[in-house]
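# Fold and contact review
This is what each chain is made of:
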Amino acid sequence: MAVYQMPAYPVGTDVMGSAQNVRKIIHVDMDAFYASVEQRDNPELRGLPLAVGGSAARGVVAAASYEARVFGVHSAMPSVTAKRKCPDLIFVPPRFDVYKVVSQQIREIFAEYTPLIEPVSLDEAYLDVTENLKGMEIATEIALEIRAKIKAVTGLNASAGISYNKFLAKMASDLNKPNGQAVITPKNGPGFVEALPVKKFHGVGPATAERMKQHGIETGLDLKSKSLAFLQQHFGKSGPYFYGIARGIDERQVRPDRIRKSVGAEDTFVEDIDDLDRAKADLRPLAEKVWRYCEAHDIMGKTVTVKIKYSDFSPATRSQTVSGAVSGIDQMLEIAEYLLASVFPFKRPVRLLGITLSSLNTEESGQEPQLALGL
């Protein structure tokens, strides 16, 4: 399979072009953010394999340092699995109050350049710099300045992707990690997508990639060969999105004022499940993902919803609202397990589970309301 090689451009080259209809989008992604903050603040942890999260039997890794990633440790991995992969792994508890302070410092740097900032999480955001506050024409130079200021102010490294839409900017930010940046231009965007394995597409998890493979879709070029009707038939509401990105098209705007109404996570299984205990076990990492986000952003909610999608793609949801805010991860998981048990025996094997907390106490501006586990 052909590997796409990014062309080299000298700093100061306006590789994005100057056409009025070409947007300039930067995706900034902090490198191993939580773990890097811990290593910054505790020099004894530098150079060592580190995981932020709980080391208990049912704990989950929230973030892993690059030293730990060499061993295959990654976020959302059960702690017992991470410890098995890396016996010398060091666990530290998360300090969300510190991460929020650092995140705000980074946000203030972004705001020097543009008001069009769409946070994805504490450690990544999209910026539309087509018309920016500095009057700078070259997006690559803006990204270089931002990354340098982040390093100077926080002592942390950031990577960046620059392109003409959000999808490609996100993909570009992964190309030269850590502590690097890359550009995907309008001229090179379609070719980049065609050569890329779909399993590396942002938004395509292992289960979706496997389904695509069953339909002969393994690369962007394979995806591009499928009609819109075909993709809608086999991938539902995601069909138009896949049709667009296969052509390097993504019209989503950078939206700084999106009001969050819920926080949720879901997982599509590689193999359908029909066992209640297995389903309950698979709910825990989803609940922990949601609760970590809520703790980090001072969010509380009253309504827990469990989402189920069966093997025939038919959906089911069950919700319960408590009188006060959900008090913690244990209560949220207890409610979710109760809701799940209420539809057992399952009418068909389950292909997807999700959990959402809503009726929130905040009108925080932010990103897409659904958090992706990448499972």
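Residues numbered from 1 in each chain as written. Predicted model: local features only at pLDDT ≥ 70, side-chain atom pairs only at ≥ 80, totals over all residues. Heavy atoms only, no water.

The next point concerns the overall build of the protein. The secondary structure content of the protein amounts to 13 helices and 13 strands. Burial statistics for the protein: of 375 residues in total, 51% are counted as buried. Considering only contacts within the protein whose residues lie at least 6 apart along the sequence, 66% involve residues at least 24 apart. Total accessible area on the protein stands at roughly 17,400 Å², and carbon and sulfur atoms take up 51% of it. (Helix = DSSP H or I, 4+ residues; strand = E, 2+ residues; numbered from the N terminus. Buried < 20%, exposed > 50% of the residue type's maximum accessible area, 1.4 Å probe, protein only. Contact = heavy atoms within 4.5 Å. Areas by Shrake-Rupley, 256 points an atom, 1.4 Å probe, with all protein chains shown as cover.)

This part is about the pattern of salt bridges. Where charged atoms of side chains with opposite charge meet at close range, the side chains can pair. Evaluated as defined, the whole model comprises 14 salt bridges. The closest approach of N and O atoms between Glu-38 and Arg-95, which form a salt bridge, is 3.0 Å. Highlighted residues: Glu-38 in helix α1 (residues 33-41) and Arg-95 in the loop between β4 (90-92) and α4 (96-111), separated in sequence by 57 residues. For Glu-38, a relative accessible area of 6% translates into the label buried. Exposure remark for Arg-95: the relative accessible area of 27% places this residue in the partly exposed category. A salt bridge links Arg-95 to Asp-41, with the nearest nitrogen and oxygen atoms 2.8 Å apart. Taken together, the residues Arg-95 in the loop between β4 and α4 and Asp-41 in helix α1 connect sequence positions 54 residues apart. Among the residues examined, Asp-41 registers a relative accessible area of 37% and is labelled partly exposed. (Salt bridge = Lys/Arg side-chain N within 4 Å of Asp/Glu carboxyl O.)

Once that is clear, we can look at a negative patch on the surface. Taken together, the side chains of Glu-271, Asp-272, Asp-274, Asp-275 and Asp-277 make up a negatively charged region of the molecular surface. Along the polypeptide, Glu-271 turns up in strand β9 (residues 262-273). Using a relative accessible area of 62% as the deciding quantity, one classes Glu-271 as exposed. (Patch = residues over 30% accessible without salt bridge, like charges linked within 9 Å, V, L, I, M, F, W, Y side chains within 5 Å. Lys, Arg positive; Asp, Glu negative; His and termini not counted. Charge placed at Lys NZ, Arg CZ, Asp CG, Glu CD.)

Let's shift gears to the side chain of Asp-29. Residue placement: Asp-29 occurs in strand β1 (residues 25-30). Overall, Asp-29 belongs to the buried group, its relative accessible area being 9%. Once residues within four sequence positions are removed from consideration, Asp-29 is found in contact with Asp-123, Glu-124, Ala-158, Ser-159, Lys-170, Ser-173, Asp-174 and Lys-177.

Another aspect to go through is the sheet that holds strand β2 (residues 50-53). Taken in spatial order, the three strands make up an open sheet running β3-β2-β4, and their pairing is mixed. Strands at the two margins of the open sheet, each flanked by one partner only, are β3 (61-64) and β4. Between one strand axis and the next, the sheet turns through 30° on average, direction left out of account. Sheet topology places β2 next to β3; three bridges connect them, and they run antiparallel. (Pairing = 2+ DSSP bridges. Axes fitted to C-alpha atoms, helices over the stretch in contact; angles between N-to-C directions.)

What follows deals with the side chain of Arg-351. Along the chain, the position of Arg-351 falls in strand β12 (residues 350-360). One buried charge, Arg-351, has no salt-bridge partner; the nearest side chain with opposite charge is Asp-272, at 4.9 Å. In this structure, Arg-351 is in contact with Arg-211, Asp-267, Thr-268, Phe-269, Asp-272, Lys-309, Tyr-310, Ser-311 and Phe-313, ignoring residues within four places of it in sequence.

Strand order in the open sheet made by the five strands is β5-β6-β1-β7-β8, with mixed pairing throughout. The sheet is open, and its two borders are formed by β5 (117-121) and β8 (181-183), each paired with just one other strand. The average undirected angle you get between the axes of adjacent strands in this sheet is 15°. As judged from the four bridges shared by β5 and strand β6 (residues 124-128), these two strands associate in the antiparallel manner. Residue pairing for β6: Ile-117 is matched across the bridge by Leu-127. Across the face of the sheet, helix α6 (residues 166-173) comes into contact with β1, β5, β6, β7 (158-163) and β8 while running at roughly 140° to β7.

Let us look at unusual backbone geometry. The omega angle of the peptide bond from Lys-177 to Pro-178 is -5°, so this bond is cis rather than trans. Among the structural elements, Pro-178 can be located in the loop between α6 and β8. Across the junction of Phe-344 and Pro-345, the peptide omega takes the value 5°, indicating a cis bond. Mapped onto the fold, Pro-345 is located in the loop between α13 (329-341) and β12. In the Ramachandran plot, Ala-32 falls in the positive-phi region, its phi being about 45° despite a non-glycine side chain. Structurally, the position occupied by Ala-32 is in the loop between β1 and α1. The exposure class of Ala-32 is buried, given its relative accessible area of 5%.

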